[in-house]
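Chain residues, written in single-letter form:
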Amino acid sequence: MTTDEQLAKAAQQGSEPAFSELVRRYRTRLLRFLLTRSASRADAEDAIQDTFVNAYRYLHSYNPRWRFSTWLYRIAIRNAARQARHESPALAEQRSDSGDPLAECIAASERENLWWTAKTLLSADAYAAMWLRYVEDMPVADVARALQRPLPWTKVTLMRARRRLSRALAEEAGTATRREIYG
Amino acid sequence: MDKLERRLKQDAGEIRAEVSPELQTRIDASLHAAARQRPIQAESRPTATLWWASSLTGLVAAAVVIVLLNWNQERAETRPVEVAREFSTVPQPLLPIHGRLPLKTRTADLTGPLEQELLHLQADIEKARENLQRDLRITF
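Cut-offs and rules
Residue numbers run consecutively from 1 along every chain, following the written order of its sequence. Chain letters start at A and ligand numbers start at 1, both assigned in the order the entries are written. Owing to the predicted nature of the model, reporting of local features is limited to residues with pLDDT of at least 70; listing and counting of side-chain atom pairs is limited to 80 or more, with chain, interface and lining totals taken over all residues. Note on conventions: DSSP H or I runs of at least 4 residues are helices, E runs of at least 2 residues are strands, and numbering of each starts at the N terminus. Put plainly, a residue is buried at 20 or more neighbouring C-beta atoms within 10 Å of its own, exposed at 12 or fewer, and partly exposed in between, counting only other residues' C-beta atoms, which are placed from the backbone. Whether two residues are in contact is decided by their C-beta atoms, placed from the backbone, lying within 7 Å. Residues are grouped as follows: Ala, Val, Leu, Ile, Met, Phe, Trp, Tyr, Cys and Pro are nonpolar; Asp, Glu, Lys and Arg are charged; every other residue, Gly included, is polar. Joining buried Ala, Val, Leu, Ile, Met, Phe, Trp, Tyr and Cys residues through C-beta atoms within 7 Å gives a set, and that set is a nonpolar core. Marked domain ranges trace back to an automatic or database domain assignment. To get an axis, fit a line to the C-alpha atoms, keeping to the stretch in contact for a helix; angles then go from 0 to 180 degrees between the N-to-C directions. The hand of a helix crossing depends on one turn: near helix anticlockwise from the far one by less than a right angle means left-handed, and clockwise means right-handed. Arc, as used here, means the arc of the directions from the helix axis to the C-beta atoms. Any helix carries an expected span of 1.5 Å times its number of residues minus one. What is called the bend at a residue is the angle between a pair of axes, fitted to the seven residues leading up to and ending at it and to the seven starting from it. Known as pLDDT, the predictor's confidence for each residue is given on a scale from 0 to 100.

**Thoughts on the overall build of chain B**
Reasoning step 1: When helices and strands are tallied, chain B shows 4 helices and 0 strands.
Reasoning step 2: Ordering the α and β elements of chain B from the N terminus gives α-α-α-α.
Reasoning step 3: Buried residues in chain B amount to 7% of all 140 residues.

As structure tokens, then:
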């Protein structure tokens, strides 16, 4: 199977099918990630569209020595941040009334989705770091590069975020046990 | 992989993020638009790769300006020295080292016109004295 980096190299040389394959591979993963960072589903869809267009435009600047996913997520994070800056507070308020896109996209389950808990407990950067590390399986150095943060900062942020989420998970387990005992 | 990591992965999978056909069409359309713009960028690229030529021209021009400025400076520095020697404004004790210190050229440059003026005045006084003596001789 062709790797992302090989496809990116082919796309750099002008192969449009190679880029289409990269879009196909990343569209769902990227949309899932952007849904957790945007104010609405429409914003997440705009952000994913901009991300692919920017990736296509600046493909010549991609260095195949690095993971393609790191480069692509960096563009996505930048687009999501730009969108958040441009959004007026009134619009954000209006959107928060209609509900978080992440909450809408989480399948109905008996227990609470941990990413929903993470969104309420962690900062945007810490959330993104956790996502890239544990969902995308990126090495910590790549997470730092994607977030454009120093490596020690990324390590400390990941450690703190893990600790917070572990505590939340333990509390959730405790509540479930009590529920089982006392009904 | 510990319990937390397993749970994070599992819960991420539960987030529904299907790309709708409308969104896919939007992405494809914007990529096609970007692809159409690309050849234009590619055409304009060869001129962008000639950055080294413009840099080289700039460097050569800078070198020429530096050489010209230095050449003019050398000429400007030599002229006052000649003036200084002509009017001998250099103090007697400094005559042996005259011409070796660049400071003297500045001195000569500044006092040269004054020396000339002094000579003219002395000549005028001499003329006036001669006229006065002649007038006195005629009167008495």
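**Remarks on the overall build of chain A**
Reasoning step 1: Helix and strand counts for chain A come out as 10 helices and 0 strands.
Reasoning step 2: Each helix and strand of chain A, placed in order from N terminus to C terminus, yields the pattern α-α-α-α-α-α-α-α-α-α.
Reasoning step 3: Considering only residue pairs separated by 6 or more positions, chain A has 60% of its internal contacts joining residues 24 or more positions apart.

**What to know about the interface of chain B and chain A**
Reasoning step 1: At the interface, 20 residues of chain B touch 28 residues of chain A.
Reasoning step 2: For the side of chain B that touches chain A, the elements supplying multiple residues, two or more each, are α1 (3-13) and α2 (21-48) of chain B.
Reasoning step 3: Grouping the constituent residues of the side of chain B that touches chain A by class yields 11 nonpolar, 1 polar and 8 charged.

**Considerations on the nonpolar core**
Residue and element names in this part refer to chain A.
Reasoning step 1: Leu-34, Leu-72, Ala-76, Ala-129, Met-130 and Leu-132 are the most contacted members of the largest nonpolar core, which totals 50 residues.
Reasoning step 2: Among the elements that take part in this core, helix α2 (residues 16-35) stands out by supplying 9 residues, more than any other.
Reasoning step 3: Counting contributing residues, this core receives three or more from each of domain 1 (1-105) and domain 2 (109-183).
Reasoning step 4: Excluding its chain neighbours within four sequence positions, the residues that come into contact with Ala-129 are Val-143, Leu-147, Thr-154, Thr-157, Leu-158 and Ala-161.

**Focus: the packing of α2 of chain A against helix α3 (residues 41-57) of chain A**
Residues and elements named next belong to chain A.
Reasoning step 1: Their axes nearest at 10 Å, the elements α2 and α3 cross at an angle of 145°. Two packed elements cross with a definite hand, and for α2 against α3 that hand is right-handed. Seen from α2, the contacting residues are Phe-19, Val-23, Arg-27, Leu-30, Leu-31, Leu-34 and Leu-35; seen from α3, they are Arg-41, Ala-44, Ala-47, Ile-48, Thr-51, Phe-52 and Tyr-56.
Reasoning step 2: Residues of the contact of α2 with α3, tallied by class, amount to 11 nonpolar, 1 polar and 2 charged.

**What about helix α1 (residues 4-12) of chain A?**
Reasoning step 1: Those residues of α1 of chain A not exposed but buried are Leu-7, Ala-8 and Ala-11 of chain A. Each buried residue of α1 of chain A lies within a common arc of 100° when the element is viewed along its axis, so the set occupies one face.

**Thoughts on α2 of chain A**
Residue and element names in this part refer to chain A.
Reasoning step 1: Here α2 is 20 residues long and its end C-alpha atoms lie 27 Å apart, about the 28 Å a rise of 1.5 Å per residue gives.
Reasoning step 2: At Tyr-26, α2 shows its largest bend, some 45°.
Reasoning step 3: Here α2 has its buried residues at Phe-19, Leu-22, Val-23, Tyr-26, Leu-30, Leu-31, Arg-32, Phe-33, Leu-34 and Leu-35.

**Quick look at the confidence of the model for chain A**
All names here are of chain A.
Reasoning step 1: Of the residues in chain A, 80% have a pLDDT of 70 or more, and the chain-wide mean is 83.
Reasoning step 2: Mean pLDDT across the secondary structure elements of chain A bottoms out at helix α5 (residues 89-98), with 46, and peaks at helix α9 (residues 140-147), with 93.
Reasoning step 3: Here residues 88-95 is a poorly scored stretch, pLDDT under 50, and it has 4 contacts once near neighbours within four places are set aside; other chains count.

**What to know about the environment of Ala-8 of chain A**
Residue and element names in this part refer to chain A.
Reasoning step 1: Mapping Ala-8 onto the fold places it in helix α1.
Reasoning step 2: A tally of 23 C-beta atoms within 10 Å means that Ala-8 is categorised as buried.
Reasoning step 3: As for Ala-8 and His-60, which are separated by 52 residues in sequence, their C-alpha atoms are 9.5 Å apart.
Reasoning step 4: Leaving out residues up to four positions away in the same chain, Ala-8 has contacts with Leu-22, Tyr-62, Pro-64 and Phe-68.

**Quick look at unusual backbone geometry**
Residues and elements named next belong to chain A.
Reasoning step 1: For Asp-137, which is not glycine, the phi torsion reads 55° and is therefore positive.
Reasoning step 2: Structurally, Asp-137 is set in the loop between α8 (124-134) and α9.
Reasoning step 3: Here the phi dihedral of Gln-148 falls at roughly 55°; this positive angle occurs in a residue that is not glycine.

**Remarks on the confidence of the model for chain B**
Reasoning step 1: Per-chain confidence: chain B averages 77 in pLDDT, with 71% of residues scoring 70 or above.
Reasoning step 2: Two numbers describe this predicted complex: its pTM, 0.60, and its ipTM, 0.77.

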